[in-house]
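Results of the structural survey
One-letter residues, chain by chain:
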Amino acid sequence: QIRDSTAFSNNGTPAGAITNNYSGVCGTAVLIGSNAYYNCGNKNILNIQDNSWTIDFWIKTTETTLGDYKAAITKGGGIGGSWNILVAPGGDKLYLQMKNTTNKSFDFSGKAFKINSGEWTHMVLSCLRSNTNMTVHTYSNAAYLGSQTLAVDDYFSNSGNFTIGLNLLGAVALDEIRVKTNSTP
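Report on the accompanying structure.

Basis of the calculations
- Residues numbered from 1 in each chain as written.
- Predicted model: local features only at pLDDT ≥ 70, side-chain atom pairs only at ≥ 80, totals over all residues.
- Heavy atoms only, no water.
- Salt bridge = Lys/Arg side-chain N within 4 Å of Asp/Glu carboxyl O.
- Helix = DSSP H or I, 4+ residues; strand = E, 2+ residues; numbered from the N terminus.
- Buried < 20%, exposed > 50% of the residue type's maximum accessible area, 1.4 Å probe, protein only.
- Core = buried A, V, L, I, M, F, W, Y, C linked by side-chain atoms within 4.5 Å.
- Pairing = 2+ DSSP bridges.

1. Description of the pattern of salt bridges
- All told, the structure shown has two salt bridges when counted by the stated rule.
- The closest approach of N and O atoms between D56 and R178, which form a salt bridge, is 3.0 Å. A residue pair is termed long-range when its members are at least 10 positions apart, and D56 in strand 5 (residues 53–61) and R178 in strand 14 (residues 172–180) qualify at 122 residues.
- Residue class for D56 comes out buried when judged on its relative accessible area of 5%.
- In this structure, the salt-bridge partner of R178 is E176, at a minimum N-O distance of 3.2 Å.
- Note on E176: relative accessible area 30%, which makes it partly exposed.
- A cluster of three or more residues bridged by salt bridges with shared partners is formed by D56, E176 and R178.

2. With respect to the nonpolar core
- Counting residues in each nonpolar core, the largest one holds 28 residues, and the members touching the most others are I32, W53, I55, F57, I73 and L174.
- Among the elements of the structure, strand 3 (27–32), strand 5, strand 6 (70–75), strand 7 (83–88), strand 10 (121–129), strand 11 (133–140), strand 13 (162–164) and strand 14 are those that each provide at least two residues to this core.
- With four residues, strand 5 is the single largest residue contributor to this core.

3. A word on the pairing of strand 3
- When strand 2 (residues 18–24) meets strand 3, the two strands line up antiparallel, connected through five bridges. Each bridged residue has a counterpart across the sheet, and for I18 the counterpart in strand 3 is I32.
- Across three bridges, the pairing between strand 3 and strand 14 is antiparallel. Across the sheet, residue V30 finds its bridge partner in strand 14, namely L174.

4. A look at the pairing of strand 10
- Burial of strand 10 is extensive: seven of the nine residues sit out of reach of the surface.
- Inspection of the sheet shows strand 5 paired to strand 10 by seven bridges, in the antiparallel sense. Looking at strand 10, one finds that F57 is bridged to M123.
- Both strand 10 and strand 11 contribute to a ladder of seven bridges, which runs antiparallel.

Shown next as C-alpha cells:
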C-alpha cells in the first residue's frame with residue numbers, strides 16, 4: 001500500500017506488478033509495471049474540479065520510444081477517464097487531458113523539456129481557476145515551460161477513482177506525488 005502523509009489518509013491500494021522500496025529521489029519510490037497502478041479511491045478531497053490546484057511528482061523511466069505514454073496520475077479509470085496527466089519519455093511530451101463532451105486537453109509538447117531515460121524528472125502542473133477559465137502553468141526540473149488557458153464552460157469531470165501510475169507500456173517509477181487544492185508550485 002502507498003501511504004498518504006497527510007491527515008486525509010488517501011492511501012493507495014496496489015493492483016498489478018509494483019515494486020516498493022525502489023531507490024527514489026526522496027528516500028524510497030515505487031516502480032510500477034505495465035498496466036499496474038495504485039487506487040486511492042474517490043474521496044472529495046481528491047476532486048479538483050472546482051478549485052485552483054497544484055500537482056507535482058517525480059518520474060523516472062527506462063522507456064525511450066516516443067508514444068509510450070505513461071499515465072502518471074489519473075481520475076476516472078485511466079486513459080479516457082475523467083482526466084489524466086500523461087508523459088512520454090524520450091521526448092518533450094506532457095499532456096493534461098480532460099475528458100468531457102469535447103475532450104479538451106492541454107498540450108505542453110515542444111516546451112523545451114525532455115524526460116531522459118533513466119533519470120528522475122520533477123514535473124509540476126499548477127492551475128489557477130476563475131469563474132470563467134482555468135490556466136495551467138507547467139514546470140520541469142524548476143524550469144518554467146509555459147501556460148495554457150481553457151474556458152470552464154465545459155470543464156472536466158471528477159467521477160471515478162484517483163489512481164497513480166497506470167501505464168500503457170513498460171514500467172515507470174514515481175516518487176513524492178503531491179496534490180494540493182491551491183495554485184502554489
